[in-house]
Amino acid sequence: MKFMNMKRFASTVLAGTMALSLAVPAMAADETVITAAYKETTLDVTVPADTNATINPYGLPVTLGDSTTVLSGQPITIATPLMIQNKSGVALKVGASVTTTVTGLALATAENGVAGGNAKEVFAEFQAFEAAGIDGASALDPTITNPAWAALKSEDAALKAVLSSTAAATATATGADLVLREGADGMAQVGGIAFVRLSGVAAKNPTTAWEETDKLVATITYSFEPATYTKSAGTLSTPANLSAGAGTARDITLTLPAGVTPNDAGLTWEWATSDTADVTIADTSGSGTYKASITPNTAGTFTVTVSFVGTDGIPYTATSAAITVAA
Amino acid sequence: MKRKRLLCVVLALALLFSAQSAAAAAEAANERSMIITATTRLPVIEVTVPTTGQVYINPLQLPVDVYGEFETDQIISYPLTIANKSDVALQVDVRVTGAVKSGSDMTLAAAPTNGTGTNKSAFVYFEMKASDPYDPYSVEWDEAYDAAKHIPVTPGGSSKSNVVTLEAMSMYGEVLGGAAFRLTGDAVKTPTNAWTAKDGIDVSIAFTFTPIPFES
């Protein structure tokens, strides 16, 4: 038999080497092989279906589906409450990006001057709001959702994006992030639903009159990231004149927001400090007063965080301003 | 030939993969999207306006039967109404133009005559007030001419903006916005050239309606 040529020989050697290199881990008896693969998590979140809105320069009244709620004076009107519902097992931070095309009108970049201006333009804003007090069941009841929808005020929006026809508009939070509470039993809980809408101002009497063919089309892409859902527990006092050492305990008191009631003050309170080594803290709440006693052992600064669950089942938390301890 | 087929297959696969990746890029697993299409809604402007009316020049203040009541004013007209059947409130601007009838030697005065003078002249002015849409007799008319509110009838025409505001029709179709108007004034009682049946005027009244946006 003729010996194989040099190229075949080299190929055989290489193939053998590769086979052995693959076989080594399998032959090593005392090693663990962990295979990591991306697993896609399906978020159980629903967003509104494609819908129609009205550019309504004269704010003509629109009656919602319950036949009693009337939207009047809104330059951009949507006659059906639009809701995002989080039914997932995790709380989700909401983001949004809006691309817009327009026909026959221009989009203004600022609200001032649009209503009384001569240009046929609209200042349009995407807005998202937490749908307070509405859960998956009540979201089906128009006698609840319609009045809530009609009562939305632009200044209360948690997320806003000014629509532009030249670039995608990314929504920004006006305060804390808009986080939708995790769902339960496949339904959205209170805190897990957000209203979304377009709102804005339209020129009332532009030089070039409005026509029914004037329109805008906004494509809204929502993004969702796992997050922690909490609501503000109110304001914590900032104790003064603290000095290090025993016998210098001071009270720190929580002032609750209107309408928030701790579910069980004795059981659900959690007080914590940012300096767990040098500050001790103990709940001293009672008789409708929510407070804790803090004792700093060394000089420095720290913060206090309080958490509890409200009677509405929502987790609340508040963090104090920096508290200074003198030496 | 084989090479061409291979090339086609490769290209087709490449297109397929690129299309799939584009779709995936359009909406990731943690994204959802929706489209809002906003079209423009315009108000429907519909106002009932009378096409004709009558005015009498009655210099000697003889009693004239107006719907069963005897009037003795020097300028007498049957009040008329306009009714707003629009879904929006309207601002009403008015332009009034007068013309002396052919064959008459009377003139239209630009200011009240107070019944005195020797020229055959009449001062006629337009007055309008918000009213029941269908009852012009429910209006309390002003006692005297007021240049701030009334429009004199002149050959060249006179205008006034925002004379009245007509309320929008209710959501249930009820007409709420109406306004009554009339022509009134005075005339020289005994001019040198006596009044005759040939004397008279034609008055054209043009209304302009401007929608008033609803306030939120």
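The rules behind each value
All residue numbers refer to positions counted from 1 along the written sequence of the respective chain. Chain A is the first chain written and ligand 1 is the first ligand written, with later ones labelled in order. A pLDDT threshold of at least 70 governs which residues receive local features in this predicted model, and a stricter bar of 80 or more applies before side-chain atom pairs are shown or counted, although totals over entire chains, interfaces and linings include all residues. In DSSP terms, a helix is any run of H or I states spanning at least four residues, a strand is any run of E spanning at least two, and both are numbered starting from the N terminus. Exposure classification rests on a simple neighbour count of other C-beta atoms within 10 Å of a residue's own: a residue reaching 20 or more is buried, one at 12 or fewer is exposed, and one in between is partly exposed. C-beta atoms are placed from the backbone. Once C-beta atoms have been placed from the backbone, residue pairs whose C-beta atoms lie within 7 Å are recorded as contacts. Under this grouping Gly is polar, as are all residues other than the nonpolar Ala, Val, Leu, Ile, Met, Phe, Trp, Tyr, Cys and Pro and the charged Asp, Glu, Lys and Arg. Here, a strand pair is defined by DSSP locating no fewer than two bridges between the strands. Helix axes are fitted only over the stretch in contact, all axes being lines through C-alpha atoms; the angle between N-to-C directions runs from 0 to 180 degrees. Where each domain begins and ends is defined by an automated method or by a domain database. For every residue, the predictor assigns a confidence score, pLDDT, that lies between 0 and 100. As used here, a nonpolar core is made of buried Ala, Val, Leu, Ile, Met, Phe, Trp, Tyr and Cys residues. They are joined through C-beta atoms within 7 Å. The directions from the helix axis to the C-beta atoms are what the arc is built from.

Participant: Quick rundown of the overall build of chain A? Include the residues and the values.
Facilitator: From N to C terminus, chain A includes three helices and 26 strands. Looking at chain A residue by residue over its 327 residues, the buried ones come to 35%. Partitioning the contacts of chain A with sequence separation of at least 6, the portion at a separation of at least 24 is 71%.

Participant: An account of the overall build of chain B is requested, with residue identities and associated values reported.
Facilitator: Per the secondary structure count, chain B includes one helix and 14 strands. Burial analysis of chain B (216 residues in total) assigns 30% to the buried set. Taking the contacts inside chain B whose residues are at least 6 apart along the sequence as the reference set, 78% of them involve residues at least 24 apart.

Participant: Lay out the interface of chain A and chain B in plain terms, naming residues and giving numbers.
Facilitator: Facing the 41 residues of chain A at the interface are 23 residues of chain B. When residues of the side of chain A that touches chain B are traced back to their parent elements, those giving at least two are β2 (51-55) and β15 (215-226) of chain A. No other element matches β15(A), which puts eleven residues into the side of chain A that touches chain B. Looking at the side of chain A that touches chain B residue by residue, the classes come out as 20 nonpolar, 13 polar and eight charged. Pairing geometry for β15(A) and strand β1 (residues 31-40) of chain B, over nine bridges, is antiparallel. In the strand pairing of β1(B), Tyr222(A) is matched with Arg32(B).

Participant: Residue-level account of the pairing of β15(A), with values.
Facilitator: Both strand β7 (residues 92-103) of chain A and β15(A) contribute to a ladder of twelve bridges, which runs antiparallel. In the strand pairing of β15(A), Val98(A) is matched with Ile220(A).

Participant: Break down the environment of Leu108(B) for me, citing the residues and quoting the values.
Facilitator: Residues and elements named next belong to chain B. Mapped onto the elements of the fold, Leu-108 is located in strand β9 (residues 107-108). Spatially, the C-alpha atom of Leu-108 lies 16 Å from that of Ala-197, the residues being 89 residues apart in sequence. In this structure Leu-108 touches Gly-98, Val-100, Ala-122, Val-124, Val-153, Thr-154, Pro-155 and Ile-201, once residues within four positions along its chain are discounted.

Participant: Talk me through the sheet that holds strand β14 (residues 201-212) of chain B; I want residue IDs and the actual numbers.
Facilitator: All names here are of chain B. The strand order across the open sheet formed by three strands is β12-β8-β14, and the pairing between neighbours is antiparallel. Looking at strand neighbours, the two that pair on one side only are β12 (158-166) and β14, the edges of this open sheet. For this sheet, the mean angle separating the axes of adjacent strands, direction not counted, is 25 degrees. In terms of strand pairing, strand β8 (residues 89-100) meets β12 through six bridges, oriented antiparallel. When the sheet's bridge partners are listed, Val-96 is paired in β12 with Ser-158.

Participant: A description of the domain arrangement of chain A should follow, citing residues and the corresponding values.
Facilitator: For chain A, the assigned domains read domain 1 (45-226) and domain 2 (231-326). If you average the C-alpha positions of domain 1 of chain A and of domain 2 of chain A, the two centres end up 38 Å apart.

Participant: So what's going on with the confidence of the model for chain B? Residues and values would help.
Facilitator: Averaged over all residues, the pLDDT of chain B equals 88, while 88% of them reach at least 70. Across residues 13-25 of chain B, where pLDDT falls below 50, the model places zero contacts with residues more than four positions away in sequence or in other chains.

Participant: Talk me through the environment of Asn56(A); I want residue IDs and the actual numbers.
Facilitator: In this structure, Asn56(A) sits in the loop between β2 and β3 (62-63). As for Asn56(A) and Ile76(A), which are separated by 20 residues in sequence, their C-alpha atoms are 5.4 Å apart. Not counting chain neighbours up to four residues away, the residues in contact with Asn56(A) comprise Gln74(A), Pro75(A), Ile76(A), Thr77(A) and Arg41(B).

Participant: Residues and numbers for the pairing of β8(B), please.
Facilitator: Across twelve bridges, the pairing between β8(B) and β14(B) is antiparallel. Its bridge partner being in β14(B), Val92(B) is matched across the sheet by Phe209(B).

Participant: For the sheet that holds strand β23 (residues 300-302) of chain A, give the residues involved together with the corresponding values.
Facilitator: Residue and element names in this part refer to chain A. Here three strands make up an open sheet; going across it, the order is β18-β26-β23 and the pairing mixed. The open sheet terminates on both sides in strands that have one partner only, identified here as β18 (242-243) and β23. One ladder, built from three bridges, connects β23 with strand β26 (residues 323-326); its direction is antiparallel. When the bridges of β26 are listed, Phe-302 appears paired with Ile-323.

Participant: Which residues make up the nonpolar core, and what are the values?
Facilitator: In terms of nonpolar packing, the biggest core is built from 54 residues, with Ile84(A), Val94(A), Ala96(A), Phe126(A), Ala128(A) and Ala194(A) touching the most fellow members. Take this core: its biggest share by element is seven residues, from strand β14 (residues 193-202) of chain A.

Participant: Tell me about helix α2 (residues 142-150) of chain A, and name the residues and values.
Facilitator: Residues and elements named next belong to chain A. For α2, every residue scored as buried is listed here: Thr-145, Asn-146 and Trp-149. With its buried residues spanning 100 degrees around the axis, α2 presents them on a single face. As for α2, its buried residues are in contact with β14.

Participant: Describe the environment of Val162(A), with residues and values.
Facilitator: Residue and element names in this part refer to chain A. Along the chain, Val-162 turns up in strand β10 (residues 159-162). Note on Val-162: 19 C-beta atoms within 10 Å, which makes it partly exposed. With 37 residues separating them in the primary sequence, Val-162 and Glu-125 have C-alpha atoms 4.4 Å apart. Here Val-162 is in contact with Thr-109, Glu-125 and Ala-169, once residues within four sequence places are set aside.

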